[in-house]
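# Structural features, examined
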Amino acid sequence: MDTLYFLQHYWWALISLLGALLVFMMFVQGGETLIFGVARTDQERERIIGSLGHKWEITFTTLVTFGGAAFASFPLFYSTSFGGAYWLWMSILFLFVIQAVSFEFRNKAGNLLGQRGYDIFLFLNGSLGTFLLGVAVATLFSGGSYFMDKINITNGASNVISTWSNSWMGLESIAVPFNVVLGLVLLFAARTLGLLFTIEDMRHESSKFSLALQRCKKSLTLSGLLFVLLFVLFLVMLFLRTGYSVDQATGYIAPVKYKYLLNMLQLVWPAAMLLVGVVLVLAGLAGAILLNESKPLNRYAFYITGAGTVLAVWSLLICAAYNNTAYFPSLVSVQDSLTLFNSSSSKFTLTVMSFASLAIPFVLAYIIVVWRKMSHNGKSY
């Protein structure tokens with residue numbers, strides 16, 4: 001196997017894993033949607049926000065790591081998507097910044113906006129921020145309106161390789177039904193995981209927060225159902241969608257009907273990951289909704305559902321670019337679409353980065369230790 005070919009696929013797999021872990025960590029954003037509606041007293045609101053306040057930095061770090069890894073391994077994707085779809089990504093970044101500000105200042109004496117103002121910021125991050133991130137991820141399959149000309153890098157006056165074809169700069173993605181569906185999937189996935197986390201976190205204080213737990217369990221049924229139904233709808237739309245295949249030798253890109261379904265069937269292992277992921281999600285939700293607390297499926301529902309979510313998302317992101325698939329296709333010039341072969345860093349860069357990636361198990365171990373240390377029993381953040 002060609003070394004560069006292996007490295008390109010190796011790094012896409014790692015970036016996809018980071019993306020899948022980010023989706024799991026979005027339970028923090030999902031929990032932020034509970035502070036209006038599910039939490040109805042100041043004490044309940046403080047309890048939820050206090051618990052989330054110990055985890056939000058891990059989510060933010062995962063997002064930054066995902067962006068950094070994408071920049072280093074596939075710089076053309078980074079510059080085209082993050083730079084071209086500028087207003088979409090800036091909107092997401094703004095919503096994550098106000099989250100950080102809110103956790104830091106909402107309980108400070110004499111804060112500018114008052115506690116409720118910062119709570120509204122957290123709710124916006126949890127709802128709109130999550131939705132927009134799902135829309136952005138969907139463009140890996142649905143594409144963007146850009147032109148690409150690598151010769152521009154030699155032009156001293158204008159060395160921009162990729163240019164957007166309209167002034168919306170990514171915001172037009174919100175009007176695409178396929179993108180909207182994935183945005184809603186991510187929103188309800190995050191909310192479902194947020195509910196499971198809150199139930200798990202408050203379990204030992206059930207007498208103190210009995211009413212909040214009842215509302216969480218009631219809301220979990222609706223959110224979990226919407227998550228599953230929307231995910232099934234997204235899979236149907238994805239598998240019926242025409243994708244684009246690239247000839248590795250010539251670089252020619254051609255449309256292929258049912259490309260993403262074919263990727264699943266031809267590669268096999270992503271399909272197995274997706275199947276296991278779906279089973280785990282359904283098992284976790286069923287255990288949380290139908291079984292009592294003495295059953296393992298109920299006690300560990302958050303982690304079971306989270307693991308299933310990671311596997312399902314990872315398999316889909318793999319199929320976005322594996323099997324000679326053009327990802328983030330250009331809607332205005334299909335031959336300018338990105339592939340693993342035309343958008344990656346050099347062999348030297350990917351090789352050096354691969355040695356650095358050997359530290360990933362240690363980073364994961366650190367996250368687990370931090371997670372356990374930051375877990376608390378109702379303490380303020």
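No experiment lies behind these values; they were computed from the predicted model shown.

Once that is clear, we can look at the overall build of the protein chain. Looking only at helices and strands, one finds 15 helices and four strands in the protein chain. Relative to its length of 381 residues, the protein chain is compact, with a C-alpha radius of gyration of 21 Å against a globular reference of 21 Å. Here the C-alpha coordinates of the protein chain stretch approximately 65 × 45 × 40 Å along the principal axes. Counting all 381 residues of the protein chain, 51% fall into the buried class. Within the protein chain, residue pairs in contact and separated by at least 24 positions form 77% of the contacts whose partners lie at least 6 positions apart. In the structure as shown, the protein chain presents an accessible area of about 17,300 Å², 69% of it carried by carbon and sulfur atoms.

To continue, consider the pattern of salt bridges. Within the structure shown, the criterion is met by nine salt bridges. The salt bridge involving Glu44 is made with Arg215; its shortest N-O contact spans 2.5 Å. Of this pair, Glu44 sits in helix α3 (residues 42-52) while Arg215 sits in helix α9 (residues 210-239), placing them 171 residues apart in sequence. One salt-bridge network, in which partners are shared between bridges, spans Glu200, Arg203, Lys217 and Glu293.

For a regular strand, side chains alternate in direction, first toward one face of the sheet and then toward the other. One ladder, built from four bridges, connects strand β3 (residues 243-246) with strand β4 (residues 253-256); its direction is antiparallel. If you follow Tyr244 over to β4, its bridge partner there is Pro255. Counting the residues in the hairpin turn of β3 and β4 gives six residues, including Gly251, whose phi is positive at 80 degrees.

Once that is clear, we can look at the packing of aromatic side chains. Tallying each qualifying case throughout the model produces 32 aromatic pairs. Pairwise contacts between aromatic rings join Trp12, Phe71, Phe74, Phe77, Tyr78, Phe82, Trp89, Tyr146, Trp164, Tyr327 and Phe328 into one cluster. Against the face of Phe178 rests Arg241, its NZ or CZ located 4.4 Å from the ring centre.

Another aspect to go through is the environment of Thr351. When you line up the elements, Thr351 lands in helix α14 (residues 347-356). As for Thr351 and Pro255, which are separated by 96 residues in sequence, their C-alpha atoms are 32 Å apart.

A few words on the side chain of Asn179. Tracing the chain through its elements places Asn179 in helix α8 (residues 177-202). Residue Asn179 is classed as buried on the basis of its relative accessible area, which comes to 1%. Within the structure, Asn179 has its side chain in polar contact with the side chain of Ser142 (distance 2.7 Å). Side-chain polar atoms of Asn179 contact the backbone oxygen of Ser173, separated by 3.0 Å. Once residues within four sequence positions are removed from consideration, Asn179 is found in contact with Gly134, Val135, Ala138, Thr139, Ser142 and Ser173.

Turning our eyes to something else, we now look at the nonpolar core. Trp12, Phe27, Phe234 and Tyr327 are the most contacted members of the largest nonpolar core, which totals 105 residues. In terms of residues, this core owes the most to one element, α8, which gives 15 residues. Dropping the residues within four chain positions of it, Tyr327 is found in contact with Trp12, Phe74, Phe77, Leu140, Ala320, Ala321, Leu338, Thr339, Leu340 and Ser343.

Our next topic: empty space enclosed by the protein. According to the stated counting rule, one finds one cavity of 30 Å³ or more in the structure shown. What lines the largest cavity is Arg47, Ile48, Ser51, Leu52, Phe197, Thr198, Asp201 and Met202. Going through the elements one at a time, α3 and α8 are the ones with two or more residues in the lining of the largest cavity. Its residues assigned to classes, the lining of the largest cavity comprises four nonpolar, two polar and two charged.

To continue, consider the layout of surface pockets. Counted as a void, the largest pocket has a volume near 1,000 Å³. Taken together, the elements giving at least two residues each to the lining of the largest pocket come down to α1 (3-25), α4 (56-73), α13 (301-321), α14 and α15 (360-374). Looking at the lining of the largest pocket, the element that brings in the most residues is α15, giving ten residues. Considered class by class, the residues forming the lining of the largest pocket number 25 nonpolar, six polar and two charged. There is about 580 Å³ of room inside the second largest pocket. Along its surface, the second largest pocket is lined by 38 residues, and Val23, Val137, Leu182, Val313 and Leu316 are the ones closest to its centre. The element contributing the most residues to the lining of the second largest pocket is helix α7 (residues 114-142), with seven residues. In terms of residue class, the lining of the second largest pocket is built from 32 nonpolar, six polar and no charged.

Relative orientation and spacing of two packed helices are given, respectively, by the angle between their axes and the distance between those axes. Contact pair α4 / helix α5 (residues 75-84): the axes reach a minimum separation of 5 Å and the direction vectors enclose 120 degrees. What the angle tells us is that α4 and α5 run oblique. For the pair α4 and α5, the contacting residues are Phe66, Gly67, Ala70, Phe71, Ala72 and Ser73 in the first and Pro75, Phe77, Tyr78 and Phe82 in the second.

Moving on, we get to α1. Counted at 1.5 Å a residue, the expected span for α1 with its 23 residues is 33 Å, and the 33 Å between its end C-alpha atoms agrees. In this structure Asp2 caps α1, since a side-chain oxygen of it lies 3.1 Å from the backbone nitrogen of Leu4.

Quick notes on the rules
Residues numbered from 1 in each chain as written. Predicted model: local features only at pLDDT ≥ 70, side-chain atom pairs only at ≥ 80, totals over all residues. Heavy atoms only, no water. Helix = DSSP H or I, 4+ residues; strand = E, 2+ residues; numbered from the N terminus. Rg over C-alpha atoms; globule rule 2.2 N^0.38 Å. Buried < 20%, exposed > 50% of the residue type's maximum accessible area, 1.4 Å probe, protein only. Contact = heavy atoms within 4.5 Å. Areas by Shrake-Rupley, 256 points an atom, 1.4 Å probe, with all protein chains shown as cover. Salt bridge = Lys/Arg side-chain N within 4 Å of Asp/Glu carboxyl O. Pairing = 2+ DSSP bridges. Phe/Tyr/Trp six-rings, centres within 6.5 Å; stacked < 30°, edge-to-face > 60°. Lys NZ or Arg CZ within 6 Å of the ring centre and 35° of its normal. Polar contact = N/O pair within 3.5 Å; in protein donor to acceptor, adjacent residues only side chain to side chain. Core = buried A, V, L, I, M, F, W, Y, C linked by side-chain atoms within 4.5 Å. 1 Å grid on protein atoms, 1.4 Å probe; cavity = no way out; pocket = protein on both sides within 12 Å on 5 of 7 lines; lining within 4 Å. Points joined across faces, edges and corners; volume = space filled by probe spheres on them. Nonpolar A, V, L, I, M, F, W, Y, C, P; charged D, E, K, R; others polar. Axes fitted to C-alpha atoms, helices over the stretch in contact; angles between N-to-C directions. Parallel < 35°, antiparallel > 145°, perpendicular 65-115°, else oblique. Expected span 1.5 Å × (residues − 1).

Any functional reading would require information that these geometric values do not contain.
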